[in-house]
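Structural features, examined
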Amino acid sequence: MKRKEERFSADLLQYLNESPTAYHAVENAVALLREQGFQELKETENWSLQKSGKYFVVKNGSALIAFTVGKGNPAKEGFRIIGAHTDSPCLKIKPGACSVTPDGYVKVNVEIYGGAILNTWFDRPLAMAGRLIVKEDGALREKLIQIDKPVFLIPNLCIHFHRDVNEKSAYNKQTDLLPLLCRKEEGVEKEEYLFQLIQEETGIEKADIADYELFLYEYQKGIFTGKNQEFISASRIDDLSMVYAGLSALMQAKTGAACQMLAAFDNEEVGSTTAQGANSGLLRELLNRICKNLGLTDEGYFQAIASSTSVSADLAHAVHPNYSDKHDAETRPVLGGGPVIKYSASQRYATTAISAAYFMEACERASVPCQKFVNRNDIVGGSTIGPALSGLTTIPTVDMGAPILAMHSIREFGAVEDMVYTERAFRAYYEG
Ligand code: CO
C-alpha cells in the first residue's frame, strides 16, 4: 500500500477506536471538519451560504450533515450525497441502572440496542460511554462522557451447568445479559453504584444529572490482523467505517459544480424513524433550506432534487469462508474485492440499474474494482437507510458498502483494502 493509503487506514482505525457511541463519532468528525475549515450552522440561527463554502449541521449530537456548496447553479447541478449511519448494535443502560442480588452481586440493568450478536458480548471487559444532561447555572447542558476502563463484564455460564452450550445457545434477553459491576458495598443503594462511578471518573455529581444515555462498549481496541495485516478486526466497522470514508472523501474532494454532502444519520439499527434518523424529514428539509438560502425558488429546488443522486453507504456481506452456501450461487462478493453494490427485487435496497451504473462509473474513474450482492431467495437479509433516504427525498440512490464478516458482532471483520477502495470511489463520486 502507498503511504497515503496506510495513513488513511491508520486514521480509520483510530476513528473507530475513539468513537464508542454515535455522539463520540459525531464529535470526532466535527473536530476533523473544523480543522479543514468547515463552519458549523445552527438550526436555530440565520444562514448565509456562499458558493464553495464548507458547512456542517449537527442534529441531537448524534447525526451530522456536512457539505460543500458547489460552484455551479444548484438547480442544474443538484447534490451528490453520501449517506451512512453513526449508531451500532450495543447494550444501553436502562433507567433504574443497577440491582443488588441476594448473593451480594451488583449488576447493571441494560437493554439491547439493535440487532447485536449477543454471544459476542460475553466474557469481554466492557467500558461505558454516552452523554449526560447536566444542570449547570440553571440551564441544561449536554456532556459527553467516556469511562474508558474495563469495569463491566458479562460472565458466561460454565459448560458444566450447560452441557449443550455448543449445540444450542439461547439467551433470555432480560436476565442473561446483565453485566457485573462489583460486589455489594456497605451503605450504597441500587443506581448509586453507577453514579458513584460517574462521579469518580468525571467529577459530575448525581444531583446535577437530569438524565443520561449511556452505552457499554468493548474495552479492547480494534487492530489490524492477518498474515499481512490486511484485515481489520474492530468494533463498529458497521457503519463508522463508511462514515469515515465519506468524511475523508468530502474533506479531500475538489470542489465541483454540484454540492457535495455527507449525511450521517443516527438510529439505523433501530429502524431510522427518529428526528435524527434517515426515515425523517431531516435531510429533505435541509436540502430545501440550502437551496432557498442559495437563492433558489420552489421551482429551482424541485429541479435541484431532480438533478441529484445519492449513495447509501452501509456494509455488505462478504462470502464467509465457513458458510459459503449462505450466498447466492452466482453473486459472491469477497473480502478485498472492492466495494459492493447491493440489489433487492423487493427494494429492501434502493439500488436501481441507473443508480448502480453511476456508482460503477465512479469506481471506474477511481480504478476501483466493484462487486455485487443479492440475497439467496430463501434468505430475507437486511435493509439499511437507502430505501428511506430515496423515498423521502425522491433522489435516486444506490445501496452499497465495503464487504465484511461478523456483521453486528461486538467485533466485526473486514479487509483494509476495501476501505481504501471505498474512500477512493467516494472521492470520484463527489468529483464526478
Ligand atoms: Co449498518
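Computed from a prediction, not measured in an experiment: that's the story for all the values here. (Residues numbered from 1 in each chain as written. Predicted model: local features only at pLDDT ≥ 70, side-chain atom pairs only at ≥ 80, totals over all residues. Heavy atoms only, no water.)

**Concerning the coordination of the cobalt ion**
Taken together, the protein donors to the cobalt ion comprise His85 (NE2), Asp238 (OD), Asp314 (OD) and Asp314 (OD), at separations of 2.0 to 2.6 Å. Viewed at the metal, the four donor atoms of the cobalt ion are separated by angles of 54 to 142°, and the geometry they form is irregular. Binding-site remark: the cobalt ion is held by donors from one chain whose sequence spacing is H-x152-D-x75-D. Residue His85 is found in strand β4 (residues 79–85), and its partner Asp238 is found in helix α5 (residues 237–252); the two are separated by 153 residues along the sequence. Of the two residues, His85 and Asp238, neither departs from the other in class, the shared state being buried. (Donors = N, O, S within 2.8 Å, 3.2 Å for Na, K, Ca; no water. Tetrahedral: all angles 85-135°; square planar, octahedral: opposite > 155°, others 65-115°. Helix = DSSP H or I, 4+ residues; strand = E, 2+ residues; numbered from the N terminus. Buried < 20%, exposed > 50% of the residue type's maximum accessible area, 1.4 Å probe, protein only.)

**Here we look at the environment of Lys326**
Following the sequence through the fold, Lys326 ends up in the loop between β15 (316–317) and β16 (340–343). Separated by 53 residues in sequence, Lys326 and Ile379 have C-alpha atoms that sit 8.2 Å apart. Setting aside anything within four residues of it in sequence, one finds Lys326 in contact with Arg376 and Ile379. (Contact = heavy atoms within 4.5 Å.)

**Here we look at unusual backbone geometry**
The linkage connecting Asp238 with the following residue, Asp239, adopts the cis geometry, with an omega of 10°. Tracing the sequence through the fold places Asp239 in helix α5. Positive phi values are uncommon outside glycine, yet Ser367 reaches one of about 55°. Here Ser367 lies in the loop between α8 (353–365) and β17 (371–374). Residue Ser367 is classed as exposed on the basis of its relative accessible area of 58%.

**Here we look at helix α4 (residues 192–202)**
Along α4, the positions that sit buried rather than exposed are Tyr193, Leu194, Phe195, Leu197 and Ile198. Packing partners of the buried residues in α4 comprise β5 (90–100), β6 (105–113), β7 (126–136), β8 (139–152), β9 (180–183) and β10 (209–218).

**A look at the sheet that holds strand β18 (residues 397–401)**
The nine strands lie next to each other as β1-β2-β3-β13-β4-β14-β18-β16-β17, forming an open sheet whose pairing is mixed. Each having just a single partner strand, β1 (39–40) and β17 make up the two edges of the open sheet. (Pairing = 2+ DSSP bridges.)

**Some remarks on the sheet that holds β9**
Within a beta sheet, neighbouring strands are joined by backbone hydrogen bonds and run either parallel or antiparallel to one another. Spatially, β8-β7-β10-β5-β6-β9 is the arrangement adopted by the six strands of the open sheet, whose pairing is antiparallel. The open sheet has two free edges, formed respectively by β8 and β9, since each of these has just one partner strand. Shown here is a sheet whose adjacent strand axes are inclined to one another by a mean of 30°, direction ignored. Sheet contacts for helix α2 (residues 22–35): β7, β8 and β10; angle to β8, the most-contacted strand, approximately 110°. Set on the sheet, α4 makes contact with β5, β6, β7, β8, β9 and β10; between it and β8 the angle comes to about 95°. (Axes fitted to C-alpha atoms, helices over the stretch in contact; angles between N-to-C directions.)

**Concerning the domain arrangement of the chain**
Here the chain is described as being made up of domain 1 (3–88 + 235–431) and domain 2 (90–218). Taken over C-alpha atoms, the centre of domain 1 sits 32 Å from the centre of domain 2. Residue-level contacts link 20 residues of domain 1 with 21 residues of domain 2. In total, domain 1 and domain 2 occlude about 1600 Å² of area from one another, counting both sides; carbon and sulfur atoms represent 58% of this. Inspection of the domain 1/domain 2 interface yields one salt bridge. Close ionic contact of Arg411 with Glu218 constitutes a salt bridge, the shortest N to O distance being 3.2 Å. Seen at the junction of domain 1 and domain 2, the total is 11 residue pairs in polar contact (both at pLDDT 80 or more). Broken down by class, the residue content of the side of domain 1 that touches domain 2 amounts to five nonpolar, nine polar and six charged. (Domains from an automatic or database assignment. Buried area = accessible area lost by both parts, 1.4 Å probe. Salt bridge = Lys/Arg side-chain N within 4 Å of Asp/Glu carboxyl O. Polar contact = N/O pair within 3.5 Å; in protein donor to acceptor, adjacent residues only side chain to side chain. Nonpolar A, V, L, I, M, F, W, Y, C, P; charged D, E, K, R; others polar.)

**Notes on the pattern of salt bridges**
On inspection of all chains with the given rule, the structure shows 19 salt bridges. In this structure, Lys59 engages Glu43 in a salt bridge whose closest nitrogen and oxygen atoms are separated by 3.2 Å. Here the residue Lys59 occupies a position in strand β2 (residues 54–59), and Glu43 occupies one in the loop between β1 and β2, the gap between them amounting to 16 residues. With a relative accessible area of 35%, Glu43 lands in the partly exposed category. Here Arg124 and Glu218 are joined by a salt bridge, their closest N and O atoms 3.0 Å apart. Of the two residues, Arg124 is situated in the loop between β6 and β7 and Glu218 in strand β10; the sequence distance between them amounts to 94 residues. Look at Glu218 and you get buried, because its relative accessible area is 6%.

**Quick word on the packing of aromatic side chains**
Within the structure shown, the criterion is met by 11 aromatic pairs. Taking 6.5 Å as the distance between ring centres and 45° as the angle between the ring planes, the aromatic pair formed by Tyr23 and Phe215 counts as tilted. In this pair, Tyr23 is assigned in helix α2 and Phe215 in strand β10, connecting sequence segments 192 residues apart. Given the relative accessible area of 10%, Phe215 is considered buried. The ring of Tyr105 is capped by Arg183, whose NZ or CZ atom sits 5.4 Å from the centre of that ring. Directly above the aromatic system of Tyr301 lies the positively charged group of Lys292, at a separation of 5.8 Å from the ring centroid. (Phe/Tyr/Trp six-rings, centres within 6.5 Å; stacked < 30°, edge-to-face > 60°. Lys NZ or Arg CZ within 6 Å of the ring centre and 35° of its normal.)

**A word on the packing of helix α6 (residues 282–293) against helix α9 (residues 386–393)**
Close contact between α6 and α9 brings their axes to 9 Å; oriented N to C, the two are set at 40°. With respect to each other, α6 and α9 are oriented oblique. Our pair here, α6 against α9, has a crossing hand that is right-handed. Of the residues in α9, those touching α6 at Leu283, Arg284 and Leu287 are Leu389, Leu392 and Thr393. Class assignment of the residues belonging to the contact of α6 with α9 gives a composition of four nonpolar, one polar and one charged. (Parallel < 35°, antiparallel > 145°, perpendicular 65-115°, else oblique. Left-handed = near helix turned anticlockwise from the far one by under 90°.)

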